[in-house]
Amino acid sequence: MDHLSYKTLTVSKKTANKGWVIVDAGQGSLGRVASEVAKILKGKHKPSYTPFADCGDNVIIINADDTRFTGRKWDQKYYLTHTGYPGGQKKTSPRELKAKSSMLLVERAVRGMLPKNRLGRELFRNLHVFAGSEHPFAAQQPKELTLNI
């Protein structure tokens, strides 16, 4: 057998076959939807997955207003942030964050499941979240994706 047949092929940014996918945020609880979206953004659903390259698809999340939590997480869960000053720790409940913008909830959940480095920041730019079912990416002909959750 030829020794070149065992060559490992890696995907670069130029050779990646990136598509467009639509996901409905109302299909399941927020964490389950966010973990599936993070896998798609990273490209783990493709046979040509390369851990150090942006080989995932662009994801459009619609109906961010319909996000769900299980249990009493709307009131009991808190997101902590810090201003950098002494005593500057702030906590926000998901209910307060959704009142500001429901898209922030979904974006924050997906961002937390991406790598914490340059690649993660680049992958996050491939995520587009919309509160309703309308989106301006019809020209990209995105595929509707039903999650098994």
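Residues numbered from 1 in each chain as written. Predicted model: local features only at pLDDT ≥ 70, side-chain atom pairs only at ≥ 80, totals over all residues. Heavy atoms only, no water.

Looking at an unreviewed UniProt entry, the protein chain carries the name Large ribosomal subunit protein uL13, with the source organism given as Pontibacter mangrovi. Quoted verbatim from the Function (unreviewed entry) field of UniProt, the annotation for the protein chain is "This protein is one of the early assembly proteins of the 50S ribosomal subunit, although it is not seen to bind rRNA by itself. It is important during the early stages of 50S assembly." Under Subunit (unreviewed entry), UniProt gives the following word-for-word description of the protein chain: "Part of the 50S ribosomal subunit." (UniProt positions renumbered as here; feature names shortened; annotations may be inferred.)

### Side note on a positive patch on the surface
Positive charge collects at one region of the surface, where Lys73, Lys77, Arg108 and Arg111 lie side by side. Within the secondary structure, Lys77 sits in the loop between α2 (73-76) and β3 (79-82). (Patch = residues over 30% accessible without salt bridge, like charges linked within 9 Å, V, L, I, M, F, W, Y side chains within 5 Å. Areas by Shrake-Rupley, 256 points an atom, 1.4 Å probe, with all protein chains shown as cover. Salt bridge = Lys/Arg side-chain N within 4 Å of Asp/Glu carboxyl O. Lys, Arg positive; Asp, Glu negative; His and termini not counted. Charge placed at Lys NZ, Arg CZ, Asp CG, Glu CD. Helix = DSSP H or I, 4+ residues; strand = E, 2+ residues; numbered from the N terminus.)

### Some thoughts on the packing of aromatic side chains
Applying the stated criterion to the full structure yields 3 aromatic pairs. Ring pairing ties together the aromatic residues Trp20, Phe130 and Phe137, which thus form one cluster. We note Lys91 situated over the ring of Tyr78; from NZ or CZ to the ring centre the distance is 4.6 Å. In this arrangement the basic side chain of Arg111 is found over the ring face of Phe124, its NZ or CZ atom lying 4.0 Å from the centre. (Phe/Tyr/Trp six-rings, centres within 6.5 Å; stacked < 30°, edge-to-face > 60°. Lys NZ or Arg CZ within 6 Å of the ring centre and 35° of its normal.)

### Quick look at the pairing of strand β1 (residues 20-24)
Among the 5 residues in β1, 4 count as buried, and that is most of the element. Taken together, the 5 bridges between β1 and strand β2 (residues 58-62) define a ladder with parallel strand orientation. Bridge assignment links Val23 to a residue of β2, and that residue is Ile61. For the segment spanning β1, helix α1 (residues 30-42) and β2, crossover handedness is right-handed. Relative to strand β6 (residues 143-145), β1 runs parallel, the two sharing 3 bridges. Its bridge partner lying in β6, Val23 is registered against Leu145. (Buried < 20%, exposed > 50% of the residue type's maximum accessible area, 1.4 Å probe, protein only. Pairing = 2+ DSSP bridges. Right-handed = clockwise from strand over helix to strand, strands pointing away.)

### Side note on the packing of α1 against helix α4 (residues 102-111)
Their axes nearest at 8 Å, the elements α1 and α4 cross at an angle of 60°. The orientation of α1 with respect to α4, classified from their angle, is oblique. Handedness of the crossing formed by α1 with α4: right-handed. Residues Leu30, Ala34, Val37 and Leu41 of α1 form the contact with α4, whose own contacting residues are Leu105, Val106, Ala109 and Val110. For the contact of α1 with α4, the residue count by class is 8 nonpolar, no polar and no charged. (Axes fitted to C-alpha atoms, helices over the stretch in contact; angles between N-to-C directions. Parallel < 35°, antiparallel > 145°, perpendicular 65-115°, else oblique. Left-handed = near helix turned anticlockwise from the far one by under 90°. Contact = heavy atoms within 4.5 Å. Nonpolar A, V, L, I, M, F, W, Y, C, P; charged D, E, K, R; others polar.)

### Some details on the pattern of salt bridges
Taken as a whole and assessed by the stated rule, the structure comprises 5 salt bridges. Note that Glu36 and Lys39 form a salt bridge whose closest N and O atoms lie 3.4 Å from each other. Taken as a pair, Glu36 and Lys39 lie in helix α1 at a separation of 3 residues, close to a single helical turn. Judged by its relative accessible area of 25%, Glu36 falls in the partly exposed class. Among the salt bridges present, the one from Arg95 reaches Asp75, with a minimum N-O distance of 3.0 Å. Of this pair, Arg95 sits in helix α3 (residues 94-100) while Asp75 sits in helix α2, and the two are 20 residues apart along the sequence. The class of Asp75 is partly exposed, set by a relative accessible area of 45%.

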